[in-house]
Amino acid sequence: MAWDELRLSRFLTLRDLNVLMTVARCGSMGKAAVQLSLSQPAISKAIADMERSLGVRLLDRGTRGVETTVYARALLERSAIVFDELKEAAKHIEYLAHPMSGEIRVGCTIAIATGFVSAVVETLSRRYPEISFHVSAGEASAIHRALEERRFDLVIAPMVAPSVEEHLHADILYDESLVVVAGARSPWSRRRKVELAELKDAVWALPPPDSLYGSVVAEAFYAHGLGLPRATVLSSVTPLRNALLASGRFVSIVQASAVKYGAGEAIKVLPVDLPTTRRAIGLITLRNRTLSPITKLFIEAARDVAKSAAGRD
């Protein structure tokens, strides 16, 4: 069946697509009706009209609710892009009506949020105080998935592979290394030279071995001919590990940017060489997605902050 723009606009409306998306998300026409403030017969009729117009079944009905068919999933995948582009268009209109205002949604790991992203937000918010920043932090796999679901405008995260998938675009912002840190009250912080082997029996707060940076930490110890030390605290939450340093008892290993931006004098980087821990940090967007003016401003600011930090280093 050939479809032209006139027939599509007549048989497939945004309201119908929204109904289908809501039913698929809820797994039930009844729940979708409540969420959309419509009657269940109205939901059923909208779905039936779409199925009749397209000539395919969109939902399989069962005792546990409804499930999308392969045809519905194909339609929903592209519908998500349609709604996302409309949202971006609305943002662009708002930006044109009120320049230098709007919002941006950023995903990143906890350590990068604590360090690099906080520096970018500080810089950009001073220039454009009307911008609203929505920053969410989590594991790299989770934030990548949220980007693909278009819940983030961009992601800043470690590049876990030499290349990214074809539907993503990545720019390398900077190379991140790990550093050994201690609190300002720690006797280790007063040493001019520290060998990693000397810290083998220290009170450690480390990322879990099965986490992204936990494996990098293990590589660093193995490169020095050492086994991974026993950790008193295992956590991927960098701010928690940094907070433990205040007592002077703990030592830890964190991303250098988490100390460079905002740590102040409370945390000291120990003179321990960890050359094997450098990892590229990338700024990742969806390749064929229209970027809002605010997103472009954020990307420019991120590049400027990364370049400035590289110059200081």
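Our structure's up above, just so we're on the same page.
K.L.:
Kindly report on the packing of helix α2 (residues 14-26) against helix α4 (residues 40-54), identifying the contributing residues and their values.
P.N.:
Orientation of α2 relative to α4, taken along the N-to-C sense of each, is 110°, at an axis distance of 10 Å. One finds that α2 runs roughly perpendicular with respect to α4. For the crossing formed where α2 meets α4, the hand is left-handed. Every residue of α4 that contacts α2 at R15, D16, L17, V19, L20 and V23 is listed here: I43, A46, I47 and M50.

K.L.:
Could you give an account of the nonpolar core, with specific residues and numbers?
P.N.:
Core analysis: the biggest nonpolar cluster contains 51 residues, and F116, I156, V180, L199, W204, I253 and F298 have the highest contact counts within it. Counting residues per element, this core draws most heavily on helix α11 (residues 293-312), which supplies 9 residues. Not counting residues within four places of it along the chain, the set of residues in contact with V180 comprises L196, L199, W204, S252, I253, K268, V269, L270, V272 and L274. Counting 21 residues, the second-largest nonpolar core is a separate cluster that includes L20, C26, A32 and L58.

K.L.:
Help me get a handle on the sheet that holds strand β9 (residues 231-234), residues and values and all.
P.N.:
Overall, mixed pairing links the 5 strands, which are arranged β9-β8-β10-β7-β11 in an open sheet. The two strands at the open ends of the sheet, each matched to only one other strand, are β9 and β11 (267-269). Sheet twist, expressed as the average angle between the axes of neighbouring strands with direction ignored, equals 30°. Across 3 bridges, strand β8 (residues 203-206) lies against β9 in parallel orientation. When the bridges of β9 are listed, L206 appears paired with L234.

K.L.:
Now, about the layout of surface pockets: what can you tell me, with residues and values included?
P.N.:
In this model, the largest pocket occupies a volume close to 430 Å³. Along the wall of the largest pocket there are 15 residues; nearest its centre are M21, R25, A80, E149 and R150. When residues of the lining of the largest pocket are traced back to their parent elements, those giving at least two are α2 and α5 (70-97). At 6 residues, the largest contribution of residues to the lining of the largest pocket is made by α5. In terms of residue class, the lining of the largest pocket is built from 5 nonpolar, 1 polar and 9 charged.

K.L.:
Can you explain the pattern of salt bridges? Please cite residues and give values.
P.N.:
Under the defined criterion, the tally for this structure stands at 17 salt bridges. D153 serves as the salt-bridge partner of R105, at 3.1 Å between the closest nitrogen and oxygen. Placement of the pair is R105 in strand β3 (residues 102-108) and D153 in the loop between α7 (140-148) and β5 (154-158), with a sequence separation of 48 residues. No difference in accessibility class separates R105 from D153, as the two residues are buried. Among the ionic pairs, R191 bridges to E198, the shortest N-O distance being 2.6 Å. Since its relative accessible area comes to 34%, R191 is described here as partly exposed.

Calculation notes
- Residues numbered from 1 in each chain as written.
- Predicted model: local features only at pLDDT ≥ 70, side-chain atom pairs only at ≥ 80, totals over all residues.
- Heavy atoms only, no water.
- Axes fitted to C-alpha atoms, helices over the stretch in contact; angles between N-to-C directions.
- Helix = DSSP H or I, 4+ residues; strand = E, 2+ residues; numbered from the N terminus.
- Parallel < 35°, antiparallel > 145°, perpendicular 65-115°, else oblique.
- Left-handed = near helix turned anticlockwise from the far one by under 90°.
- Contact = heavy atoms within 4.5 Å.
- Core = buried A, V, L, I, M, F, W, Y, C linked by side-chain atoms within 4.5 Å.
- Buried < 20%, exposed > 50% of the residue type's maximum accessible area, 1.4 Å probe, protein only.
- Pairing = 2+ DSSP bridges.
- 1 Å grid on protein atoms, 1.4 Å probe; cavity = no way out; pocket = protein on both sides within 12 Å on 5 of 7 lines; lining within 4 Å.
- Points joined across faces, edges and corners; volume = space filled by probe spheres on them.
- Nonpolar A, V, L, I, M, F, W, Y, C, P; charged D, E, K, R; others polar.
- Salt bridge = Lys/Arg side-chain N within 4 Å of Asp/Glu carboxyl O.

That is the geometry; function is a separate question.
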